[in-house]
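Listed below, chain by chain, are the residues.
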Amino acid sequence: MAGRPRVVTAVVTQPATMVERVRELAALRACLHDVRDGQARVVVLEGAAGVGKTALLREARDHAEAEGFRVLGARMPHLAATAPHELLRRLFGPEVDRLGGPQALTGAAAFAAPLFTPGATAGSGVDYGCQWLLAAIADAGPLLLAVDDVHWADVDSLRILVDALEDLRGAPLGIVATSRPMAADPAVEAMLARLATLPGASVVRPGPLTEAGVAAVLCAAFGEDPHPHFTLACAQASGGNVFYLRELVRPLVAAGLSPTAAAAAELAASGPHALAATVRWRLDQLGPLATALAQAAAVLGDDSPLRVVAALAETGGDPAGRAAAALEAASILGRADPVVFPHPLVRAAVERTVPPGQLGRLHARAARVLLDAAASTAKVARHLLRAPPEGSARVAGLLTEEARRSLDSGSPETAQRLLTRALAEPPAPSARPSVLLALAQADRATGAPARAQEHLVEVMETGPRDLSITAMAELFDLLYELDDQTGVDRLRRRAFEAEPYGISPAEVRLRAELLLDVAAGRADQAPERLTRIDLSSIDIQTGEQRYLLLCVAIHHRATGECPPEEFLGHLRRVVQDLPEGRPLTGWEVTAALESAAFLASAEAMADADEVLERLRPDVARLRRVSPGLQAEWSHRSVLNWLRCGRFEEALVALAEAETFADRHGLTLYQSVANYARGCIALERGDYAGAARHLKSGPAETVFATALGELVAGRPEQALLLLDPPEGDGGAVTEREIEDEVHLLASHAHQMLGHRDLALREAEHELAVRLRHGPSFRLALALRRRASFAPAREAVELLERAMGECAGTPRLPIRARVQASYGAALRRAGRLREARTELASALDLAERLGMNRLSRRVTADIRAAGGRPRRTRVTGWASLTGSQAAVARLAADGHTNREIAESLYVTIKTVETHLAAVYRKLAVPGRDHLRAQISGWAP
Ligand SMILES: Nc1ncnc2c1ncn2[C@@H]1O[C@H](COP(=O)(O)OP(=O)(O)O)[C@@H](O)[C@H]1O
Ligand SMILES: [Mg+2]
């Protein structure tokens, strides 16, 4: 029957638009299905140009929309990689507009506002803001982010997406991105690799079409079945690449030819060459004006206004309009204004028609044209990066300016590229040091400290005084980080010679560093002038000045010129009146953070807590530009909490801090976290755990390592490490004040059975504390000393210790002192008083979860003839501060995302807190929380 094959043909000639993509489409559907179920997923569609990635992405979008997803899409153009945050700008821009514009962004998401504000400079905090913006958008139901040509995306956007995805694992968020196998930029390549290996990510690689697939596409194009010879020739010439296949047969279809065996001969050479040849041929047909216009469009890229393209092609508006229309008709442009190419391969083919050597010049001209058109520096810089150097001071200046902006917004990779190019221009000799200084900063941030060091040395040697001093201060920091002691010593001598006693921020900073070294006994022969500063004369206008004030105070304390009360006063001044109306500078945060550390150890725990709370948003905002500040902040907070006995909170914050340190390669903080875990284990009486954590604690604090040795049962090693100073009532070292060197040494001697030495160290510790405090340490020293005294004397010493720690927020210390006091009373035969003190110590120990202490106190109570009573650790009163705060917000109807954003923690942290809240309040979930809390909470 004649009709039969036609029916079959009809089925084959009208494939469901996509030929041979059953597997890929199934993978995409499965991904969207998982997302609907509340699981973050990523699919990377990877393959060569023209293989059909964009077409698959479109299918995914259509499917998602049909399923009720919100879809945000962005297509990356070929020069976008050097524009910081360009992908996110494209992806979220329309959504931000829909939400009411950048000014409508609130909370942490507001940090992202400059990105969507025309003309605004993106400062620090864009990354943090974008993560929360994404979280907020994802909060409103299933969301698909569809990114086309992600290999051209900027590394910053990708980093933010990857980090956000790690934190948003339980959100209904899908990302489908198309990518070529290799990105041009290694940093982008590395980030794409991270994206593709996230949990919930998969890579789908659409392959070339088989012969049957080619036949199906041909059938659709010609409207009739192709001859097998024709199909074979097409399959070979195109390699099964759909785009090349279509381009191959386009002229034949246009000429009304049939796909016969004879027509196979009409096919030109294979794939890419065929395209290049066709494009060249088509441009020749259209003439020089159209060619120039097409080339200008190829250089400027998709979405450029025709007016700008015409300016680059040096042609007027009317002829340009006509030429663009002709290019559109010839399928070289997909749209005329703004120009869009039908496919990136066509753009690349047009670009290849530019004679060698001309391309760079075209980019240089493009930069000028864009400058004239008042385009952003970012757009101009993109072209300057590809233009040949011409020794223009202006160009070098533009590149440096844009690089600084990139640095400020946390895009060091881009800054590095721009500055390297600026150096090649080269800049005017007088501008070179400042370029190098910025480059050093970028190098450091991208993990190239050796190159940073090289640049800094050059600036130090050749720059004008102020830059030279800035370089020295930076070098100091860098050499310490590299642990280059000889380098530090050499640099210190040079810095002494430079006499940095002026008022510029750089001099203030360098002087502060030097004073710190002198105070710590790391520098001998410090010039007298360096240390001669009147503390009251130091201003606190800038962060650097605050930092100097702190360092001078530390120095004065070390030399005994500054008694504890006065020291505390200086610390308070360092953090006094931190500006409220604007974001804090990095140095303001640094000075305040360091001060908080000293405040905490000087017993001003409440002040320290207040400072840390105040710094929270600024630290979060600066976390990309200065990840060290965030890590330090977390560390300080964790230490404060653990010292106050808030172990649960400390552990939750630690988990978050460890993830952060891990992500930023801050290895020091990984070991610092171990130290904190060790301390918590120790307080809770888990010696094995304490030993394990402390052993991998911060290698450079001898005290932590010694403590680790001690709890691991190796007192000799502990003593070797501690090397307690002899001391004769004279000078006390900074180390003896900051750490409990003698206290630990006393324990070590006792473990070795050297009672006399143990007693001597105990007396020594007591002497240090009687002079320098702080009172909680005096309490501990008294307690230690009491353990060597006969019962009655011990009671007296411990009575005094109780007084010293009566008001301390360091509850674990109070618990220990009180337990000892009770035990001493018992030994002295004062049983009734002993029972009262011990009961109260037990209550505290149980509430804090100090298990070993609880057991000991329980035994003591029995020995004193009492009956120990267990403390109930449930109900509202058992919630920690953070748990209570989270519980309140959840009961008020806030989502986990909203709670996390307002508290500057991760969603995971909120989930952990909530789980503890449910357990302690014995409620099944957040719906029951409100009723429970209204009964309990004040
Ligand atoms: N499986 C397919 N079947 C039919 N046509 C396809 C298929 N995949 C892609 N195409 C078409 O081939 C051309 C190139 O595909 P595209 O998705 O743009 O490739 P890529 O994004 O990988 O460069 C487009 O016109 C597209 O519609
Ligand atoms: Mg594509």
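Residue indices follow the written sequence of each chain, beginning from 1 at its first position. Here the convention is simple: chains get letters from A, ligands get numbers from 1, in the order in which they are written. Reporting in this predicted model follows two pLDDT cut-offs: at least 70 for local features of residues, and 80 or more for side-chain atom pairs to be given and counted; totals over whole chains, interfaces and linings ignore these cut-offs and use all residues.

Chemist: Would you take a moment to explain the site of ligand 1 for this structure?
Modeler: The criterion for a residue being near a molecule or strand is simple: its C-beta atom, placed using the backbone, must lie within 6 Å of it. Of all residues adjacent to ligand 1, which total 18 residues, the nearest are Val 19, Gly 52, Lys 53, Thr 54 and Ala 55. Starting at the N terminus, helices and strands are each numbered in turn, a helix being any DSSP run of H or I of at least four residues and a strand any DSSP run of E of at least two. Elements represented by at least two residues in the shell around ligand 1 include exactly α3 (53-66) and α10 (242-254). Across the shell around ligand 1, the residue classes tally to 8 nonpolar, 6 polar and 4 charged. For every domain, the bounds stem from an assignment made automatically or drawn from a database. Lining the shell around ligand 1 are residues from two domains, each supplying at least three of them: domain 1 (22-204) and domain 2 (209-267). Classification used: nonpolar for Ala, Val, Leu, Ile, Met, Phe, Trp, Tyr, Cys and Pro, charged for Asp, Glu, Lys and Arg, polar for all others including Gly.

Chemist: Would you explain the domain arrangement of the chain in this entry?
Modeler: Interface size is commonly expressed as the accessible area that is lost once the parts come together. Along its sequence, the chain is organised into domain 1 (22-204), domain 2 (209-267), domain 3 (447-660), domain 4 (676-863) and domain 5 (876-936). Placing a C-beta atom from the backbone of each residue, one calls two residues in contact when those atoms lie within 7 Å. Taken together, the contact pairs 20 residues of domain 3 with 21 residues of domain 4. When residues of the side of domain 3 that touches domain 4 are traced back to their parent elements, those giving at least two are α29 (605-621), α30 (627-643) and α31 (647-663). Among the residues forming the side of domain 3 that touches domain 4, the class breakdown is 15 nonpolar, 3 polar and 2 charged.

Chemist: Before we go on, may I ask you to explain the nonpolar core in this structure?
Modeler: Nonpolar side chains in soluble globular proteins generally cluster together in the buried interior. Buried Ala, Val, Leu, Ile, Met, Phe, Trp, Tyr and Cys residues form a nonpolar core when they are connected through C-beta atoms within 7 Å. Exposure in this text rests on C-beta crowding, where 20 or more other C-beta atoms within 10 Å of a residue's own make it buried, 12 or fewer make it exposed, and counts in between make it partly exposed. The C-beta atoms are placed from the backbone. Core analysis: the biggest nonpolar cluster contains 231 residues, and Leu 293 and Val 309 have the highest contact counts within it. If you tally residues by element for this core, the top one is helix α5 (residues 126-139), at 10 residues. If near-sequence neighbours (up to four positions away) are discounted, Leu 293 is found in contact with Val 309, Ala 310, Ala 313, Thr 315, Ala 320, Ala 323, Ala 324 and Leu 327.

Chemist: Just checking my understanding: could you explain the packing of α30 against helix α32 (residues 667-684) for this structure?
Modeler: Each pair of packed helices can be described by the angle between their axes along with the distance between the axes. Under this scheme, a helix contributes an axis fitted over its contacting stretch, all axes are lines through C-alpha atoms, and angles between N-to-C directions fall in the 0 to 180 degree range. Viewed as axis vectors pointing N to C, α30 and α32 meet at an angle of 5°, and their least axial separation amounts to 10 Å. Considering the angle they form, α30 stands roughly parallel to α32. Across from Ala 631, His 635, Val 638, Leu 639 and Leu 642 in α30, the residues of α32 making contact are Tyr 669, Val 672, Ala 676, Cys 679 and Ile 680. Among the residues forming the contact of α30 with α32, the class breakdown is 9 nonpolar, 1 polar and no charged. Each angle gets one of four labels, with under 35 degrees taken as roughly parallel, over 145 as roughly antiparallel, 65 to 115 as roughly perpendicular, and the rest as oblique.

Chemist: Explain the sheet that holds strand β1 (residues 41-46) to me, please; I cannot follow it from the model alone.
Modeler: Pairing between sheet strands relies on hydrogen bonds along the backbone, with the strands arranged either parallel or antiparallel. One open sheet accounts for 5 strands, arranged β2-β3-β4-β1-β5; its pairing is parallel. At either end of the open sheet lies a strand with only one pairing partner, and these are β2 (70-75) and β5 (201-204). Going across the sheet, the axis of each strand differs from the next one's by a mean of 15°, ignoring polarity. Any two strands between which DSSP finds at least two bridges are classified as paired. Bridge count for strand β3 (residues 143-148) against strand β4 (residues 173-179) is 5 bridges, and the pairing is parallel. Directly across from Ala 146, in β4, lies its bridge partner Val 176.

Chemist: What is the right way to read helix α44 (residues 881-891) from this model?
Modeler: Note that an α-helix has 3.6 residues per turn; residues three or four places apart therefore point the same way. If you check which residues of α44 are buried, you get Ser 882, Gln 883, Val 886, Ala 887, Leu 889 and Ala 890. Along the long axis of α44, the arc covered by the buried residues comes to 165°, so they all point the same way. Directly beyond the C-terminal end of α44, a positive phi value near 95° is found at Gly 893. The arc in question is traced by the directions running from the helix axis to the C-beta atoms.

Chemist: Is there a simple way to think about the packing of helix α33 (residues 687-695) against helix α34 (residues 702-711) in this case?
Modeler: Two elements in contact, α33 and α34, have axes separated by 8 Å at closest approach and are oriented at 145°. Of the two elements, α33 crosses α34, and the hand of that crossing is left-handed. Between α33 and α34, the contacting residues are Tyr 687, Ala 690, Ala 691, Leu 694 and Lys 695 on the first element and Ala 704, Leu 707, Gly 708 and Val 711 on the second. Residue classes in the contact of α33 with α34 are distributed as 7 nonpolar, 1 polar and 1 charged. Two helices that cross are described as forming a left-handed crossing if the nearer one is turned anticlockwise from the farther one by less than a right angle, and a right-handed crossing if clockwise.

Chemist: Is there a simple way to explain helix α38 (residues 755-772) in this structure?
Modeler: Its 18 residues give α38 an end-to-end C-alpha distance of 26 Å, which sits within 8% of 26 Å, the value for a rise of 1.5 Å per residue. Every buried residue of α38 is listed here: Ala 758, Glu 761, Ala 762, His 764, Glu 765, Leu 766, Val 768 and Arg 769. Looking at the packing, one finds that the buried side of α38 touches α36 (734-738), α37 (741-751) and α39 (775-786). Note on α38: the residue one or two positions beyond its end, Gly 773, has a positive phi of about 60°. A helix's residues, less one, multiplied by 1.5 Å, set its expected span.

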